[in-house]
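# Secondary and tertiary structure notes
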Amino acid sequence: TKNNMIPKRIILIYKTKNLDKFPEFYKTCYDRIVEFFDDYEICLYDDDEMDSLVKSFDSNLYENVYSKMDIIQKTDIFRLVALYVYGGTYIDLDVYLESNPKSCIEGCDKPVLLCVEKLSSPQPFDVYRSHKTNYVGLANYFISSVPNNQFIYECISYILIINTNSKITIHDDLFNNFFKDDLVKVFFYTGNIGRSLAINYVNIPTDMFENRWNKAI
């Protein structure tokens, strides 16, 4: 048996906890998650609870970055904060699980588990490294992590630094010196947020997921 320390906790986000007000597709996805993770703690956070957790975690992050973002960007920050504080598995509510990923989570021998998907165009990291023919992305709609993980913390720190220092780029000494251990490998952007995800992952077979916005292929 592998020494797996990822908590049996599912982290979900929606503006209300009233399931009757969920869009039909969200409700279908939610029911599927509950079915597959029947022995896990299901944690559904509404907007107020998201705000409260981020504010209590880091008032600087909350005041100078999070509070200025739209709801999509806020969820990008919240999922990382929740995973760092509590650990578990974050899943977007518009992700329909075609098969059960519990064996991937519980069999994972690494502290962070990310989903790999193929892309039709290069991401900024591919262009920066001139890897223009290897379009592989690390999605953030499914992330598992142990609590207090250094990689998750660096992702949060990257968001804070890049959004409070507008002139900093991945070429700058400050940026490179901060991320000395080279965990941050792949960059995604949602609006003016820079999200960073790492190379230290375990692949989840992409046919496990169907997503309205990013269908894994």
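Each remark here, short or long, concerns the structure printed above.
Structural notes, computed from the coordinates.

Calculation notes
- Every residue gets a number counted from 1 within its own chain, in the order that chain's sequence is written.
- Reporting in this predicted model follows two pLDDT cut-offs: at least 70 for local features of residues, and 80 or more for side-chain atom pairs to be given and counted; totals over whole chains, interfaces and linings ignore these cut-offs and use all residues.
- Note that the side-chain values use all heavy atoms of the structure and ignore hydrogens as well as water.
- Paired rings are identified among Phe, Tyr and Trp, the last through its six-membered ring, by centres lying within 6.5 Å, and are further divided according to the angle between planes into stacked (under 30 degrees), edge-to-face (over 60) and tilted (the rest).
- Each helix is a run of DSSP H or I of at least 4 residues and each strand a run of E of at least 2, with the numbering of both proceeding from the N terminus.
- Whether two residues are in contact is decided by their heavy atoms, any of which lying within 4.5 Å being enough.
- Pairs of N or O atoms within 3.5 Å make up the polar contacts considered here, provided that, within protein, one atom can donate a hydrogen while the other can accept it, and that residues adjacent in sequence are counted only when both atoms are side-chain atoms.
- The term salt bridge refers to a pairing of a side-chain nitrogen on Lys or Arg with a carboxyl oxygen on Asp or Glu at a separation within 4 Å.
- Classification of residues uses two cut-offs on accessible area relative to the type maximum, computed with a 1.4 Å probe and protein chains only: under 20% is buried, over 50% is exposed, and between them is partly exposed.
- What is meant by a nonpolar core is a set of buried Ala, Val, Leu, Ile, Met, Phe, Trp, Tyr and Cys residues, joined one to another through side-chain atoms within 4.5 Å.

## Focus on the packing of aromatic side chains
Under the definition given, this model contains eight aromatic pairs. Here the aromatic rings of Tyr 14 and Phe 22 are separated by 4.8 Å at their centres, their planes lie at 65°, and the arrangement is edge-to-face. Taken together, the aromatic side chains of Tyr 14, Phe 22, Tyr 26 and Tyr 30 make up a single cluster linked through ring pairs.

## Things to note about the environment of Lys 8
Summarising the element assignment, Lys 8 is placed in the segment before β1 (9-13). The sequence separation of Lys 8 and Phe 37 amounts to 29 residues, and the corresponding C-alpha distance is 8.5 Å. If sequence neighbours within four positions are ignored, Lys 8 has contacts with Asp 39, Tyr 40, Glu 41 and Glu 106. At 3.5 Å, the side chain of Lys 8 and the side chain of Asp 39 are in polar contact.

## A closer look at the pattern of salt bridges
Summed over all chains, the structure comprises nine salt bridges. Put simply, Asp 39 and Lys 8 hold a salt bridge, and the shortest N to O gap is 3.5 Å. Of this pair, Asp 39 sits in the loop between α1 (24-36) and β2 (41-45) while Lys 8 is found in the segment before β1, placing the two residues 31 residues apart along the sequence. The partner of Asp 76 in a salt bridge is Arg 79, with the nearest N and O atoms 3.4 Å apart. Remark: Arg 79 and Asp 76 occur in helix α4 (residues 71-86); sequence separation between them is three residues, near one turn of the helix. Here Asp 76 falls in the buried class, since its relative accessible area comes to 3%.

## Side note on the nonpolar core
Counting 29 residues, the largest nonpolar core has Leu 61 and Phe 78 as the members making the most contacts within it. Residue assignment for this core shows that the elements contributing at least two residues are β1, β2, α2 (47-57), α3 (59-64), α4, β5 (112-118) and α7 (150-164). At seven residues, the largest contribution of residues to this core is made by α4. When residues no more than four places from it in sequence are discounted, the contact partners of Phe 78 are Ile 11, Ile 13, Tyr 45, Glu 49, Met 50, Leu 53 and Val 54.

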